Amino acid sequence: MMEEETSVEKENGYEDLFLQFSSIFERWVKRVLLVLVSLLILSQLLLQVPFLRYYMVKVEQLEGVPYSRTAS
């Protein structure tokens, strides 16, 4: 009878620790996701400015430049 009570107490203690850890972990995951989504939106907004897009995107710099094949 006594062993069952200590086993239940251990399980409850483990559950409490897990809930505490998962709460902290969820908070950090939400923060990281918020930062990443914010950076994504910011980068997409910056790409709307032609002057900035020219320096941010390599292909944009090559746009309109004819390809010249060297003779071998």
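Residues numbered from 1 in each chain as written. Predicted model: local features only at pLDDT ≥ 70, side-chain atom pairs only at ≥ 80, totals over all residues. Heavy atoms only, no water.

Once that is clear, we can look at the overall build of the protein. Helix and strand counts for the protein stand at three helices and zero strands. For the protein, the succession of helices and strands along the chain, N to C, is α-α-α. A burial count over the protein gives 1% of its 72 residues as buried. Of the accessible surface of the protein, which amounts to about 7,200 Å², a share of 66% is contributed by carbon and sulfur atoms. (Helix = DSSP H or I, 4+ residues; strand = E, 2+ residues; numbered from the N terminus. Buried < 20%, exposed > 50% of the residue type's maximum accessible area, 1.4 Å probe, protein only. Areas by Shrake-Rupley, 256 points an atom, 1.4 Å probe, with all protein chains shown as cover.)

Turning our attention to the confidence of the model for the protein. Summing up the model confidence of the protein, the mean pLDDT is 86 and the portion of residues at 70 or higher is 89%. Within the protein, the lowest mean pLDDT, 84, falls on helix 3 (residues 58-62), and the highest, 90, falls on helix 2 (residues 50-56). (pLDDT = per-residue confidence, 0-100.)

Inspection of every chain in the model, using the stated rule, returns one salt bridge. Put simply, Glu60 and Arg53 hold a salt bridge, and the shortest N to O gap is 3.6 Å. The partly exposed category is assigned to Glu60, whose relative accessible area is 29%. (Salt bridge = Lys/Arg side-chain N within 4 Å of Asp/Glu carboxyl O.)

Let's shift gears to the packing of aromatic side chains. Counted according to the given criterion, the structure contains three aromatic pairs. Ring centres of Phe21 and Phe25 lie 5.9 Å apart, and the angle between their planes is 20 degrees; this geometry places the pair in the stacked category. One end of the pair is Phe21 and the other is Phe25, both in helix 1 (residues 2-46) and four residues apart, which spans about a single turn. Residues Tyr54 and Tyr55 carry aromatic rings whose centres are separated by 5.2 Å and whose planes lie at 85 degrees to one another, so their mutual orientation is edge-to-face. The partly exposed category is assigned to Tyr54, whose relative accessible area is 37%. Feature note: the residues Phe51, Tyr54 and Tyr55 constitute an aromatic cluster, connected by ring pairs. The residue whose ring lies beneath Arg31 is Trp28, and the NZ or CZ to ring-centre distance is 5.1 Å. (Phe/Tyr/Trp six-rings, centres within 6.5 Å; stacked < 30°, edge-to-face > 60°. Lys NZ or Arg CZ within 6 Å of the ring centre and 35° of its normal.)

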